[in-house]
Every structure is written in C-alpha cells, then in structure tokens.
There are 2 protein chains.
Amino acid sequence: MANQVTLDRAFAACAHPIRRGIVERLAAREEDDDGGMTVGEATRDFAVSKPAISRHLRVLEQAGAIVRVIDGRTHRLRLAEQPFDDAADWIGQLQKMWQRKFDVVEQFIAEKREGAAGSRTDRGGSA
Amino acid sequence: MANQVTLDRAFAACAHPIRRGIVERLAAREEDDDGGMTVGEATRDFAVSKPAISRHLRVLEQAGAIVRVIDGRTHRLRLAEQPFDDAADWIGQLQKMWQRKFDVVEQFIAEKREGAAGSRTDRGGSA
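Residues numbered from 1 in each chain as written. Chains lettered and ligands numbered in written order. Predicted model: local features only at pLDDT ≥ 70, side-chain atom pairs only at ≥ 80, totals over all residues. Heavy atoms only, no water.

## Quick look at the overall build of chain A
Put simply, the rule is: Helix and strand labels come from DSSP, where a helix needs a run of H or I of at least four residues and a strand needs a run of E of at least two; each type is numbered from the N terminus. When a residue's accessible area, from a 1.4 Å probe over protein chains only, is under 20% of the maximum for its type it is buried; when over 50% it is exposed; and in between it is partly exposed. In this analysis, two residues are considered to be in contact whenever any of their non-hydrogen atoms come within 4.5 Å of each other.
For chain A, the helix and strand inventory stands at five helices and three strands. Secondary structure of chain A in N-to-C order comes out as α-α-β-α-α-β-β-α. Out of the 127 residues belonging to chain A, those deemed buried represent 35%. Considering only residue pairs separated by 6 or more positions, chain A has 54% of its internal contacts joining residues 24 or more positions apart.

This is how it looks when you write it as structure tokens:
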C-alpha cells in the first residue's frame, strides 16, 4: 500500500483539469522510439501561462506521475503508472467496503425473507 | 462522465490524509438506523485543531463526498459514493489506454515472431 505522502501527491496531481489534460495527452500518445513527448507537444494549446504550465508539470513530477528526460535542450515527458495505480487502489478499497455493506444488507433481507417463508410453512404444517 | 469541476473536487477531497481518514472511518462504519455518524465520532482523535477539521469537512462536502444531516444540535455525516466513482472512472480510463498500448506492443511482437517463423518456413520450403 502506498504511504500517505505518496497518496496525497497522486490525488493532488489529478486535481486540476490542466494536469489531467497533460496526463491524458501523454497516455493517448502512440508509443514510439523517441522516449516520450516533448514538453511543447504535451502542453501545447492549454490556455495558461508558461509559468503556470511549469508549476503543473512540477506537481506531476513530484507525484511521480511524469518523468522528465533531458536530452540537451529537449525535455521529454513520459507518464508513470504507479501514482495512478496507488490512487485507484485506495478508491477500490473504499468501494469494496461499500460493496461489503451492501452485501450484508442484502443477506439480512434474504434471511428475513427466508425466515418469513419458514414461519409461513410452519403455520401451514400446523394447520 | 463527470465534469472537470466535479473531478477537481473529488480528487482534491482525496488529497489529504485527514480527509482520507474521515472517509475511511465513515466507510468502515456498520450501517445502522441512526442516519450516519456524528461529526464527533467521524473526526475524533485526528491530531489537528477543530477549525482544521471544519475545513477538511467543508472540502469533503463541497466535493459531494459527504452529506451532513443536521438534527437539532447533532450533525451527522454520511458518505456519498459518486465522487469516488467519478475519480475511479477517470483513472480507469487512463489505465485502459495504457493497456491498449501494451496490447499493441504485444501484438507487434507476436506479428514480428510470426513473420520470422513464416520466412523461416518459406526458406525451408524452397530448400
């Protein structure tokens, strides 16, 4: 299980439309041999300033959601799956807890019904 | 699909250990008839000030992750699943994109292998 700081950063990385947009763009990109997408390609057309883009990239990098490979003057970005897997695991465990509760309620209702049917049968037998 | 603001709030709600702790506590609680957990029960023993707790609850409420039911002086909290489902859906779609990429790479390798096997057979046939 991921630690708390790792999870904080993973969820914070997902908590802005520009960051989700960059992540979606990197995920949608066909794999090729060039080792990722340039920063320009990954962040083009988002209607925010360059410093704002840099801050979003920093949040993604600190979360380990993207990795920056510097090749001379070209910075390339690659997506890393781990933070997203960690975030999904945490939510998945919550959803399992809900499901369990739901199952308990369903079982309770089923048992009630069986009990009611049983007592009807009993009454039938004694009649 | 959830809109951007909904997703921002859902992920931000998950991006702090105290908020995740409150959510886990509410999720773990056995269902009963009292309509949820009191604020005191849900937030007890977190080592932060009361105003900090109030701020965390506000973030969770704004995300729609918890619903507060006010009954006289008693405030009760219930967990709502939708924001967590929305967040999980977004991550799930990313994971599917990765899986597709992975499948494409696997297929490419398989085709390469078949191609290599085929050409070996051809050579065998002409010998």
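## Side note on the pairing of strand β2 (residues 66-71) of chain B
All names here are of chain B. Which entries qualify depends on this criterion: The criterion for strand pairing is that DSSP finds at least two bridges linking the strands in question.
With six bridges joining them, β2 and strand β3 (residues 74-79) adopt antiparallel strand pairing. Within β3, the residue paired with Val 67 across the bridge is Arg 78. The antiparallel pairing of β2 with β3 creates a hairpin that spans two residues between the two strands, and Gly 72 there sits at a positive phi of about 65°.

## Remarks on the packing of helix α2 (residues 17-28) of chain B against helix α4 (residues 50-62) of chain B
All names here are of chain B. This is how it is decided: An axis is simply a line fitted to the C-alpha atoms; with a helix, the fit covers only the stretch in contact. Between two such axes, the angle follows the N-to-C directions and lies from 0 to 180 degrees. When an angle is under 35 degrees it counts as roughly parallel; over 145 it counts as roughly antiparallel; between 65 and 115 it counts as roughly perpendicular; any other value is oblique. Crossing handedness is defined as follows: a turn of the near helix away from the far one that is anticlockwise and smaller than a right angle gives a left-handed crossing, while the clockwise case is right-handed. Residue polarity is assigned by list, with Asp, Glu, Lys and Arg as charged and Ala, Val, Leu, Ile, Met, Phe, Trp, Tyr, Cys and Pro as nonpolar; anything else, Gly included, falls into the polar class.
Two numbers describe how α2 lies on α4: the axes approach to 10 Å, and their chain directions differ by 70°. By the angle between their axes, α2 is roughly perpendicular relative to α4. For α2 against α4, the interelement crossing comes out right-handed. Facing Ile 18, Arg 19, Ile 22 and Val 23 of α2, the residues of α4 in contact are Ile 53, His 56, Leu 57, Val 59 and Leu 60. By residue class, the composition of the contact of α2 with α4 is seven nonpolar, one polar and one charged.

## Notes on α4(B)
One turn of an α-helix holds 3.6 residues; hence residues three or four places apart share an orientation. Residues and elements named next belong to chain B. Under the convention used in this document: To estimate how far a helix should reach, multiply one less than its number of residues by 1.5 Å. In this context, the arc is that of the directions from the helix axis out to the C-beta atoms.
In a regular helix each residue adds 1.5 Å, so 13 residues correspond to 18 Å; α4 covers 18 Å between its end C-alpha atoms and thus fits that length. Turning to α4, its buried residues are Ala 52, Ile 53, His 56, Leu 57 and Leu 60. Take α4 and look down its axis: the buried residues cluster within an arc of 140°, on one side only. Tucked inside the fold, the buried residues of α4 contact α1 (4-14), α2, α3 (39-43), β2 and β3.

## A look at the pattern of salt bridges
We count it as follows: Basic side-chain nitrogens of Lys or Arg form a salt bridge, by our definition, when they fall within 4 Å of a carboxyl oxygen of Asp or Glu.
Here the structure, examined in full by the defined rule, presents six salt bridges over all chains. With a closest N to O distance of 3.8 Å, Arg29(A) and Glu41(A) form a salt bridge. Separated by twelve residues along the polypeptide, Arg29(A) in the loop between α2 (17-28) and β1 (37-38) and Glu41(A) in helix α3 (residues 39-43) bring together distant segments of the chain. Measuring nitrogen to oxygen at the nearest pair gives 2.9 Å for the salt bridge that ties Glu61(B) to Arg68(B). Residue Glu61(B) is classed as partly exposed on the basis of its relative accessible area, which comes to 30%.

## Concerning the interface of chain B and chain A
Rule in force here: Buried area counts how much accessible surface, traced with a 1.4 Å probe, disappears from two parts once they are put together, with both parts' losses summed. Any N or O atom pair separated by 3.5 Å or less is treated as a polar contact, with the protein-specific requirement of one donor-capable and one acceptor-capable atom, and with residues adjacent in sequence counted only for side-chain atom pairs.
Between chain B and chain A, the contact holds 31 residues from the first and 31 residues from the second. Looking only at chain B, the three residues that lose the most surface to chain A are Arg20(B), Trp98(B) and Lys101(B), adding up to 23% of its buried area. Put simply, chain B and chain A have two salt bridges between them. Taken together, chain B and chain A are joined by eight residue pairs in polar contact (both at pLDDT 80 or more). Those elements giving two or more residues to the side of chain B that touches chain A turn out to be α1, α2 and α5 (82-126) of chain B. In terms of residue count, α5(B) provides more of the side of chain B that touches chain A than any other element does, eleven residues in total.

## Notes on the relation of the copies chain B and chain A
Worth spelling out the cut-off: Here the copies are matched by least squares. The fit uses the C-alpha atoms of residues with pLDDT of at least 70 in both.
For these two chains of identical sequence, chain B goes onto chain A by a turn of 180° and a shift of 0.0 Å along the axis, with RMSD 0.1 Å. Put plainly, the chains are arranged around a two-fold axis. It is Phe11(B) whose C-alpha, among those of chain B, lies nearest the rotation axis, at 2.6 Å. The overlap is high: 100% of the interface residues of chain B also sit at the interface in chain A, so the same surface is used on both sides.

## Quick look at the packing of aromatic side chains
Stated formally: The aromatic pairing rule takes the rings of Phe, Tyr and Trp, using the six-membered ring of Trp, and pairs them if the centres are within 6.5 Å, calling planes under 30 degrees apart stacked, those over 60 edge-to-face and the rest tilted.
Considering all chains together, one arrives at seven aromatic pairs over all chains under this definition. Their ring planes at 55° and their centres at 5.7 Å tell us that Phe84(A) and Trp98(B) sit as a pair that is tilted. Placement of the pair is Phe84(A) in helix α5 (residues 82-126) and Trp98(B) in helix α5, with the two residues belonging to separate chains. Following the ring pairs from residue to residue traces out a cluster consisting of Phe11(A), Phe84(A), Trp90(A), Trp98(A), Phe11(B), Phe84(B), Trp90(B) and Trp98(B).

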